[in-house]
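# A structural walkthrough
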Amino acid sequence: MKKIINEPDRFVDEMIEGILLAHPDLVKTPGTDPRVLVRADAPLAGRVGILTGGGSGHLPLFKGYVGMGLCSGVAIGNVFSSPSSQQIFEATKAISGGAGVLYLYGNYGGDVFNFDLAGDLAELEDIPTQTVVGRDDVASQPNERKTDRRGVAGIFFAYKAAGAAAERGDTLEEVAAIAEDVVEHTATMGVGLSPTIFPTTGAKSFDLPEGEMEIGIGIHGEPGIHRGPLETADAIADRLVTALIADLDLTAGDRVAVLVNGLGATPLEELYVLYRRVHQILTGLNISIAKKYVGEYATSLEMAGASISFLKVNDARLALLQAPAKSPFFEEV
Amino acid sequence: MKKIINEPDRFVDEMIEGILLAHPDLVKTPGTDPRVLVRADAPLAGRVGILTGGGSGHLPLFKGYVGMGLCSGVAIGNVFSSPSSQQIFEATKAISGGAGVLYLYGNYGGDVFNFDLAGDLAELEDIPTQTVVGRDDVASQPNERKTDRRGVAGIFFAYKAAGAAAERGDTLEEVAAIAEDVVEHTATMGVGLSPTIFPTTGAKSFDLPEGEMEIGIGIHGEPGIHRGPLETADAIADRLVTALIADLDLTAGDRVAVLVNGLGATPLEELYVLYRRVHQILTGLNISIAKKYVGEYATSLEMAGASISFLKVNDARLALLQAPAKSPFFEEV
Amino acid sequence: MRPVELNESIRRSLAELVGYADELRDLDQALGDGDLGVTISLGANAVIESLTTLADDATPAEIAKTCAKAFANANPSTMAALVAGGLLAGSKTWAGLTEIGTADAGRFIRAAGENIGQRGKTQIGDKTILDAIMPAADALEVASDGTSGLDAAIAGAERAVVETRDLQSRRGRASWMQERSIGLQDPGATAFWRYLESWRAAESVAAKGKELA
Amino acid sequence: MRPVELNESIRRSLAELVGYADELRDLDQALGDGDLGVTISLGANAVIESLTTLADDATPAEIAKTCAKAFANANPSTMAALVAGGLLAGSKTWAGLTEIGTADAGRFIRAAGENIGQRGKTQIGDKTILDAIMPAADALEVASDGTSGLDAAIAGAERAVVETRDLQSRRGRASWMQERSIGLQDPGATAFWRYLESWRAAESVAAKGKELA
Ligand SMILES: Nc1ncnc2c1ncn2[C@@H]1O[C@H](COP(=O)(O)OP(=O)(O)O)[C@@H](O)[C@H]1O
Ligand SMILES: Nc1ncnc2c1ncn2[C@@H]1O[C@H](COP(=O)(O)OP(=O)(O)O)[C@@H](O)[C@H]1O
Ligand SMILES: [Mg+2]
Ligand SMILES: [Mg+2]
Ligand SMILES: [Mg+2]
Ligand SMILES: [Mg+2]
């Protein structure tokens, strides 16, 4: 294991401690549980709170998107595992400003059932909640079963749009509808080149022979749709972009936001080599790129690989992406 | 090789192409050589230009710091090797707004001699230049020979301060003096856990047995000062911070800016575990942290490891760090 | 069974269940992410701990709620949340009861199963824990006495577990394996079956202990 | 030597020098970053290419400047920049000359060495290319004829190269190895020595070619 950590069991808590020490102006722990993190100014009276959550190991997901114009809070699990319903419930109370709370997180069973349980607890305390799950990984289910897809990097678009809507004072129904609309128009596909090593066990998140790649891999190493010899950046981009265009049914004249995301160990240089090709393909098809993001937005510790996400935009969605936001890891001015 | 690239020989050019396609509002190629990149609004009449440059493979160094309040341009070499004097000279002309050009880059022979040659060419065209080299790696030379040190991540502080000074209209002498002052008060030390693989040859940048670490390693894999079994994050932070405090002669009451920098494959989570300890040590010594940066600021492709940089600040230096800046990879508002 | 006996029986059975943690880890490794062993052992220990400090006058429903809360938070996961939600739903069928019999156990388990089915959007045959729960509820509800009811419940659960091998997983992490899930035994269903077996084993040891005393 | 001959001799010697690329790569691998082989082969080929298209009436100084420019940009590095700067400085000593003799070559090399020493903040004994350059300049300046001058220059450079083995590197990348640099031969000095050898080898082949013709 090539990790700069102390006791593996303390990894998550120490990481959170570091974030709190580094960004006390932006985030805080409202109670005694370090696994609950909220905006420094939470709760915002009269505003919809947005709560996300999930396993650790994906920075800047999920805790990196807590801030102005983004999520209001996060419940943090161990590496790759769900936070508890109790933690989610605590976070819900801490961000509730009277206008209800939107649960917005990735579609994984553990997270879903724990958020649902927490929602039941919140209801008992008269905090209305609604739920929208990110489910953008087109490799995880065919289009007919798209509501069962895993949620990966594309949830960033939903955070950004829903966060902007909550910030301007939209109602819970409105914020949820915006999140749902964005999720509906988001698609992602990734490629994995090497696995994550779990800090506690030293196990690998998946096995891949040297020189091979897995197209469609999930951010916890979930199986993809094609395994074979490593191809060129252009060939990989072609595979991913073709799948995304088909899934979103993009045609000439459409506009998209593009996110080229690194999964951890892959250098930024390679993400730009990928972006280059994505840009060429889309431009060639007369699909215009209204906004682009290149960097690490949702990782899997030191996994090597990348993902490409598209959000099909219209004026409303684009305006929400362009609205100001500020968290420890993301800023839009 | 686990790389998302096309022809290895085209790696650098395609990466630059990607950056230009992604950020045409921020950067441009002034001539026909793709290895010369400048601010989209360059040259700024009456302003000092700041030119940096060096080998590729260190994103966001160097090309990521071209923008408002930072560098005006960059000359880009192959992976880990210097740009040519001709490229540096072209970049000089492209950013010269009549007030002279500051050469600000890391202290490596190839870069130094090529920048010097370019400076001779610039002189022939009546463009005054001055040179300040980043030389912050305390592991590379003892304090008595500090002017011979390698330049690593700490040059970020010099970019930020000199860039702010140039932006507000300081003269070449003033901008150079500010850069020099910041360099003089900057110290960095790193730790390496696994090497970079060169895209062209597949060779490793250094050899390190599994389970070992190298303290003081350079960003091209240059030898450090201690090699031994991998230690805990806290023990590593203790080693690095102790060396930096001694080198900068920090005592209670001093103020510093802190940069915890990832070298490529090391997850952001681990950088926060490191930051936590750095914060604890400094606070314990009554040294206050006036500004902090945690993330990837100067990498070495997919090398695993991290570095810690301190800039001893006073009011003047801190104000320059706080001034607004905007490049494809860095923003201060 | 009175509350204090119920409390003790649950603790004894959970101590027994922990012995199956490795089996469950391996099954979940093959079909999912391998954390079910940890969920079960941390969850069982957390429940044991909170039942140990529970007041003697706690009702059966309160005991069930205590189990739910402890299990939910020990190692959050699909199983933790579904089981906790199921226990809460089950506890509602015990409202007002001060002692519980075999049929009460059956009703509890049915309510838990229905809740899990709802929350998990699952039906029997989807290859989940539900497949093992429902036959056990059936058996307990019609049983003439506790011992035969438990035996029948265990037999029904075991049959269902074995049958999961031929099914394709339709829910959760395992469903991503699609056809490759066929041939592998569902870890969640196995966990429930092993829990019933643990109960029987623990009771028979306890009964022997009482005989000797 | 007239300009056209000079041009041809340089090209022939550089073609010869490329044969030493692997040796230089290995030496630089041990003491630095291993790119010297590439610098020398790309640099040599770039110079050959630009000399091939240079006008026949180019002066010796112009030839030297052409070499400088091509070598500087082929594979930018310490060696590329220092050699290019040295060539430019040397070319100044040839201002006005239409033919060059052995002593002119000596003056050229001395000026180049001084320039490298200045730019590199280096002195003899720092274990750099300078260590090999200066003895060669000494030898050529006092030589009675070209052949003996070249032989003496080569002998002097070789001696200096061998002596670098016992020295500690005080400049550039190699200096970071501190004491561990002792025992290893300086790649830059070796490159200069091999260049002189390449010149001699190429000339003798050319001379044989002329005899046969
Ligand atoms: N939607 C669902 N409804 C009911 N049971 C489910 C569902 N999804 C998964 N399960 C059960 O959960 C078991 C896995 O539990 P666990 O290991 O905790 O899941 P995870 O690690 O994916 O959170 C499966 O074997 C299956 O029995
Ligand atoms: N400051 C210096 N002055 C003169 N020669 C130097 C200096 N630094 C390095 N050299 C020479 O350069 C050689 C290495 O050249 P090169 O491989 O191009 O360097 P790098 O790869 O570090 O840019 C050394 O063997 C030495 O002879
Ligand atoms: Mg990373
Ligand atoms: Mg990285
Ligand atoms: Mg599991
Ligand atoms: Mg070299």
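Just above, that's the structure.
These notes cover the structure that comes with them. (Residues numbered from 1 in each chain as written. Chains lettered and ligands numbered in written order. Predicted model: local features only at pLDDT ≥ 70, side-chain atom pairs only at ≥ 80, totals over all residues. Heavy atoms only, no water.)

As a structural note, the neighbourhood of ligand 1 is formed by 21 residues, with Asp 35, Thr 78, Thr 122, Arg 173 and Asp 186 of chain C the closest of them. Site remark: ligand 1 is flanked by residues from chains A and C. In this structure, Gly 120 of chain C approaches ligand 1 through a main-chain N or O atom, which is 3.0 Å from a nitrogen atom. Here Asp 186 of chain C contributes a side-chain N or O atom positioned 2.6 Å from an oxygen atom of ligand 1. Burial of ligand 1 by the surrounding chains reaches 93%, relative to a free accessible area of 580 Å². Of all the secondary structure elements, the ones that give two or more residues to the shell around ligand 1 are α5 (78–93), α9 (172–175) and α10 (187–212) of chain C. (Near = heavy atom within 4 Å. Polar contact = N/O pair within 3.5 Å; in protein donor to acceptor, adjacent residues only side chain to side chain. Areas by Shrake-Rupley, 256 points an atom, 1.4 Å probe, with all protein chains shown as cover. Helix = DSSP H or I, 4+ residues; strand = E, 2+ residues; numbered from the N terminus.)

Before going further, it helps to examine the interface of chain B and chain A. Facing the 52 residues of chain B at the interface are 52 residues of chain A. Interface area for chain B against chain A, summed over the two sides, is near 4,700 Å², with a carbon-plus-sulfur share of 64%. Counting the contacts that link chain B with chain A gives six salt bridges. Where Glu 210 of chain A meets Lys 2 of chain B, a salt bridge forms, and the shortest distance between an N and an O atom there is 2.9 Å. When residues in the side of chain B that touches chain A are grouped by element, the largest group, 10 residues, is from helix α7 (residues 268–284) of chain B. Here the residues of the side of chain B that touches chain A sort into 26 nonpolar, 12 polar and 14 charged. (Contact = heavy atoms within 4.5 Å. Buried area = accessible area lost by both parts, 1.4 Å probe. Salt bridge = Lys/Arg side-chain N within 4 Å of Asp/Glu carboxyl O. Nonpolar A, V, L, I, M, F, W, Y, C, P; charged D, E, K, R; others polar.)

Residue and element names in this part refer to chain A. Counting across every chain of the model gives 34 aromatic pairs over all chains. Judged by centre distance (4.9 Å) and plane angle (75 degrees), the rings of Phe 156 and Tyr 293 are edge-to-face. Remark: Tyr 293 occurs in strand β11 (residues 288–295) and Phe 156 occurs in helix α4 (residues 155–167); sequence separation between them is 137 residues. Summarising the burial analysis for this pair, Phe 156 and Tyr 293 share the class buried. The interplanar angle of 70 degrees and the centroid separation of 5.0 Å between the aromatic rings of Phe 156 and Phe 330 together place this pair among those described as edge-to-face. (Phe/Tyr/Trp six-rings, centres within 6.5 Å; stacked < 30°, edge-to-face > 60°. Buried < 20%, exposed > 50% of the residue type's maximum accessible area, 1.4 Å probe, protein only.)

Counted under the stated rule, the structure contains 83 salt bridges over all chains. In this structure, the salt-bridge partner of Arg 276 of chain A is Glu 17 of chain B, at a minimum N-O distance of 3.2 Å. Highlighted residues: Arg 276 of chain A in helix α7 (residues 268–284) and Glu 17 of chain B in helix α1 (residues 11–22), drawn from two different chains. Exposure remark for Arg 276 of chain A: the relative accessible area of 7% places this residue in the buried category. A relative accessible area of 28% means that Glu 17 of chain B is categorised as partly exposed. Several salt bridges converge on common partners, so that one network encompasses Arg 10, Asp 13, Glu 14, Glu 17 and Arg 35 of chain A together with Asp 234 and Arg 276 of chain B.

Residues and elements named next belong to chain D. Within the protein, Asp 28 (OD), Asp 33 (OD) and Asp 35 (OD) serve as the donor atoms for the magnesium ion (ligand 6), at 2.0 to 2.3 Å. Sequence spacing among the residues donating to the magnesium ion (ligand 6) works out to D-x4-D-x1-D. Asp 33 sits in the partly exposed class, given a relative accessible area of 31%. Residue classification places Asp 35 among the partly exposed residues on the basis of a relative accessible area of 21%. (Donors = N, O, S within 2.8 Å, 3.2 Å for Na, K, Ca; no water.)

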